[in-house]
Amino acid sequence: RFGTSVAISGDTVIVGSPKSDLEAEGEDAGAVYVFVRKGDIWKQQTKLTSSDGAEKDQFGNALSLEGDVAIISAFSDDDAGSKSGAAYIFVRNGETWTEEAKLTASDADGGDQFGISVDISLGLTTSAIIGAHFDDDAGSKSGSAYIFKRNPDGTWGEQIKLTASDADKGDRFGYAVAIDVNRAVVGAPWAD
């Protein structure tokens, strides 16, 4: 499933392949491929995998890229229960990509699928938004989204958890997300 998710920034493209089977991590661990254009030629710069990748994590299911910073989700990560989810921040220096942080929800729970959607915004404040459409604070699959902020020392912290004012079961708030500087938008496609 190479191409499940894609993002572009300048002359760099990243492509998610969440069903990639990796030798060390196992089936459906997932990978992300980075391509860079030089002149009229696109070449693969590297292949990204998470530092703690595991079978069925589906790293690369959702991703976003701005400049030299990428956020990549693994919505089936199971650190806090089956499919609790996680997202990873990668930063490029020259031609080298390094995993800067692994983000998880402060109230992570099995089945939330934190990371079903992600976006990142650089600027005076570097922020990320991560959707968890199966979070159940307002009923089964009501959904939520989380804003994370990069601190001056390069660490990341959860800033706030977003829920809809009229949240209800099945809404799946967080299925789609976007962020730009100090504004965010969150989709709830099953709200009725």
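Up top is the structure.
How each quantity is defined
Along each chain, numbering runs from 1 in the same order as the chain's sequence is written. Side-chain atom pairs in this predicted model are given and counted only at pLDDT of 80 or more, local residue features only at pLDDT of at least 70, and totals for whole chains, interfaces and linings cover all residues. Only hydrogens and water are set aside when side-chain values are computed; all heavy atoms of the structure are taken into account. By this definition, two strands are paired if DSSP reports at least two bridges between them. Helix and strand assignments come from DSSP, with helices taken as H or I runs of at least 4 residues and strands as E runs of at least 2, each series counted from the N terminus. Axes, fitted as lines to C-alpha atoms, cover a helix only where it is in contact. Angles between the N-to-C directions of the axes lie from 0 to 180 degrees. By convention in these notes, a salt bridge is any Lys or Arg side-chain nitrogen within 4 Å of a carboxyl oxygen on Asp or Glu. Summary of the burial criterion: residues with accessible area below 20% of their type's maximum are buried, those above 50% are exposed, and those between are partly exposed, where the area comes from a 1.4 Å probe applied to protein chains only. Ring geometry is summarised as follows: Phe, Tyr and Trp rings, the Trp one being its six-membered ring, pair when their centres sit within 6.5 Å, and such pairs are stacked at plane angles under 30 degrees, edge-to-face over 60 and tilted between the two. Both a distance and an angle decide whether a charge sits over a ring: NZ of Lys or CZ of Arg must be within 6 Å of the ring centre and within 35 degrees of the ring normal.

A. Geometry of the sheet that holds strand E9 (residues 114-121). The strand order across the open sheet built from 4 strands is E9-E10-E11-E12, with neighbouring strands paired in antiparallel fashion. Single-partner strands in this sheet number two, and they are E9 and strand E12 (156-162). Strand-to-strand, the axes of this sheet are offset by a mean angle of 25°, without reference to chain direction. Bridge analysis of strand E11 (residues 144-150) against E12 gives 6 bridges, and the strand direction is antiparallel. Bridging across to E12, Ala-145 finds its partner in Leu-162.

B. Local environment of the pattern of salt bridges. Counted under the stated rule, the structure contains 13 salt bridges. Put simply, Asp-77 and Lys-102 hold a salt bridge, and the shortest N to O gap is 3.3 Å. Placement of Asp-77 in the loop between strand E6 (69-74) and strand E7 (86-93) and of Lys-102 in strand E8 (residues 96-103) is noted, with a sequence separation of 25 residues between them. For Lys-102, a relative accessible area of 25% gives the class partly exposed. For Asp-135, the salt bridge goes to Lys-161, with nearest N and O atoms at 3.0 Å. Linking Asp-135 in the loop between strand E10 (127-132) and E11 with Lys-161 in strand E12, this pair joins segments that are 26 residues apart in sequence. Each of Lys-19, Glu-27, Asp-28 and Lys-56 takes part in one network of salt bridges that share partners.

C. Local environment of the sheet that holds strand E1 (residues 5-9). Pairing in this open sheet of 4 strands is antiparallel, and the strands run E1-E2-E3-E4 from one edge to the other. Only two strands of the sheet have a single neighbouring strand rather than two, namely E1 and strand E4 (41-48). Between one strand axis and the next, the sheet turns by 20° as a mean value, whatever way the strands run. In this structure, strand E2 (residues 12-17) lies alongside strand E3 (residues 31-38), joined through 6 bridges in antiparallel fashion. Pairing of Val-13 across the sheet is with Phe-35, part of E3.

D. Examining the packing of aromatic side chains more closely. All told, the structure shown has 7 aromatic pairs when counted by the stated rule. With centroids separated by 6.4 Å and ring planes inclined at 80°, the aromatic side chains of Phe-2 and Phe-35 adopt a geometry described as edge-to-face. Linking Phe-2 in the segment before E1 with Phe-35 in strand E3, this pair joins segments that are 33 residues apart in sequence. For the ring pair Phe-59 and Tyr-88, a centre distance of 5.6 Å and an interplane angle of 75° mean the geometry is edge-to-face. With a gap of 29 residues between them, Phe-59 in the loop between E4 and strand E5 (63-66) and Tyr-88 in strand E7 connect regions that are remote in the sequence. The two residues Phe-59 and Tyr-88 agree in class, both being buried. Three or more aromatic residues joined by ring pairs make a cluster, and in this case those are Phe-2, Tyr-33 and Phe-35. For the cation-ring pair, Lys-141 lies above Phe-134, with the distance from its terminal atom to the ring centre recorded as 4.7 Å. In this structure, Arg-172 is placed above the aromatic ring of Trp-190, and the distance from its NZ or CZ to the ring centre is 3.9 Å.

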